[in-house]
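# Structural overview for review
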Amino acid sequence: MTYVVALTGGIGSGKTTVANRFSERGVPVIDADKIAREVVAPGSAALQQIVAHFGDQALLPEGSLDRSWLRQQIFADPQQKTWLNNLLHPLIQQRTQEMIAAVTTDWCLWVVPLLVENNLHLKADRVLVIDVDEETQISRTMARDRITRQQAEAILIAQASRQSRLAVADDIIDNTGGPAEQEQDINTLFRLYQRLALVKKGSVS
Ligand code: ADP
């Protein structure tokens, strides 16, 4: 089994940017958000069950899931949230395991924005947290998504705290610096993960 490094961080911390740098070095990247979208794609059994439960309002006119409508429903009703999580989490988990099992390299990166929120850090061999201070998160998210400070702050508040993410970290990239510093951290971690993966395989002690 491949060695799994979970990569997480709050919104705007730089998860996508860092994951892309590893991907350029040939590391397979498994994206939890992408899997979460895949399991409710048009034609999926999960989407049919959601429509049977919530009604046609859960669909956009072209037949795909209206994610923002659904988010509002579960935000207002914890029971509905539990129902949805009970449906989706096992499917997401199964698909993730399939994708990890298909990896042929010694290690892979598993990008999980809600790692701490969903208690998934226990499923990885190693946890890498991309860390910036909250002000940097807010300003980078505002610039990237063209949203107001208030909107960015609301997203941050709904996420796990910076401290709770750092508490589960094995490694931390401080991403407040520029690309050169980021590059140096990535090179160091790339070598470390290569080595840890070989240790797991039993090729090196
Ligand atoms: P996430 O995937 O964690 O939400 P992104 O990787 O999309 O975050 O980064 C958020 C924004 O910050 C993007 O616009 C990205 O280009 C920018 N960014 C990422 N890392 C840095 C950095 N080290 N310095 C400056 N800007 C950065």
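Every value quoted in this text rests on a predicted model; they were computed, and no experiment measured them.

## Overview of the overall build of the protein chain
Along its length, the protein chain carries nine helices and five strands. Its helices and strands taken in sequence order, the protein chain reads β-α-β-α-α-α-α-β-β-α-α-α-β-α from the N to the C terminus. For the protein chain, the spread of C-alpha atoms along the three principal axes comes to 55 × 40 × 30 Å. The burial tally for the protein chain puts 39% of its 205 residues in the buried class. The long-range share in the protein chain, meaning contacts at least 24 apart out of those at least 6 apart in sequence, stands at 74%. For the protein chain, the distance from the average site of its 21 positive side-chain charges to the average site of its 24 negative ones is 4 Å.

## Overview of the site of the ligand
The ligand sits among 13 residues. The nearest are Gly12, Lys15, Thr16, Thr17 and Arg144. In the environment of the ligand, an oxygen atom lies 3.0 Å from a nitrogen or oxygen atom belonging to the backbone of Gly14. Within the side chain of Arg144, an N or O atom sits 2.7 Å from an oxygen atom of the ligand. Taking 560 Å² as the accessible area of the ligand by itself, protein coverage stands at 74%. Only helix H1 (15-24) and helix H6 (134-145) provide two or more residues apiece to the shell around the ligand. The element best represented in the shell around the ligand is H1, accounting for three residues. Here the shell around the ligand is built from residues that sort into one nonpolar, nine polar and three charged.

## A closer look at a positive patch on the surface
Among the surface-exposed residues, Lys34, Arg37, Arg67 and Arg71 lie close enough to one another that they form a single positively charged patch. Elements with a minimum of two residues in the positive patch: helix H2 (32-38) and helix H4 (67-76). Assignment of secondary structure puts Arg71 in helix H4.

## Here's the deal with the side chain of Asp131
Counting through the fold element by element, Asp131 comes out in strand S4 (residues 126-131). Polar contacts involving the side chain of Asp131 include one to the side chain of Arg162, which spans 2.8 Å. Aside from chain neighbours lying at most four places away, what touches Asp131 is Arg162, Leu166, Ile172, Ile173, Asp174, Asn175 and Thr176.

## Observations regarding the packing of aromatic side chains
The relation between two aromatic rings is expressed through the spacing of the ring centres and the mutual angle of the planes. Inspection of every chain in the model, using the stated rule, returns five aromatic pairs. On the numbers, 5.7 Å between centres and 80° between planes, the contact of Phe54 with Trp83 is edge-to-face. Highlighted residues: Phe54 in helix H3 (residues 45-54) and Trp83 in helix H5 (residues 78-101), separated in sequence by 29 residues.

## Considering the sheet that holds strand S1 (residues 3-8)
Spatially, the five strands line up as an open sheet ordered S2-S3-S1-S4-S5, and their pairing is parallel. For this open sheet the edge positions go to strand S2 (29-31) and strand S5 (171-174), each flanked by a neighbour on one side alone. With direction set aside, neighbouring strand axes in the sheet form an average angle of 25°.

The rules behind each value
Residues numbered from 1 in each chain as written. Predicted model: local features only at pLDDT ≥ 70, side-chain atom pairs only at ≥ 80, totals over all residues. Heavy atoms only, no water. Helix = DSSP H or I, 4+ residues; strand = E, 2+ residues; numbered from the N terminus. Buried < 20%, exposed > 50% of the residue type's maximum accessible area, 1.4 Å probe, protein only. Contact = heavy atoms within 4.5 Å. Lys, Arg positive; Asp, Glu negative; His and termini not counted. Charge placed at Lys NZ, Arg CZ, Asp CG, Glu CD. Near = heavy atom within 4 Å. Polar contact = N/O pair within 3.5 Å; in protein donor to acceptor, adjacent residues only side chain to side chain. Areas by Shrake-Rupley, 256 points an atom, 1.4 Å probe, with all protein chains shown as cover. Nonpolar A, V, L, I, M, F, W, Y, C, P; charged D, E, K, R; others polar. Patch = residues over 30% accessible without salt bridge, like charges linked within 9 Å, V, L, I, M, F, W, Y side chains within 5 Å. Salt bridge = Lys/Arg side-chain N within 4 Å of Asp/Glu carboxyl O. Phe/Tyr/Trp six-rings, centres within 6.5 Å; stacked < 30°, edge-to-face > 60°. Pairing = 2+ DSSP bridges. Axes fitted to C-alpha atoms, helices over the stretch in contact; angles between N-to-C directions.

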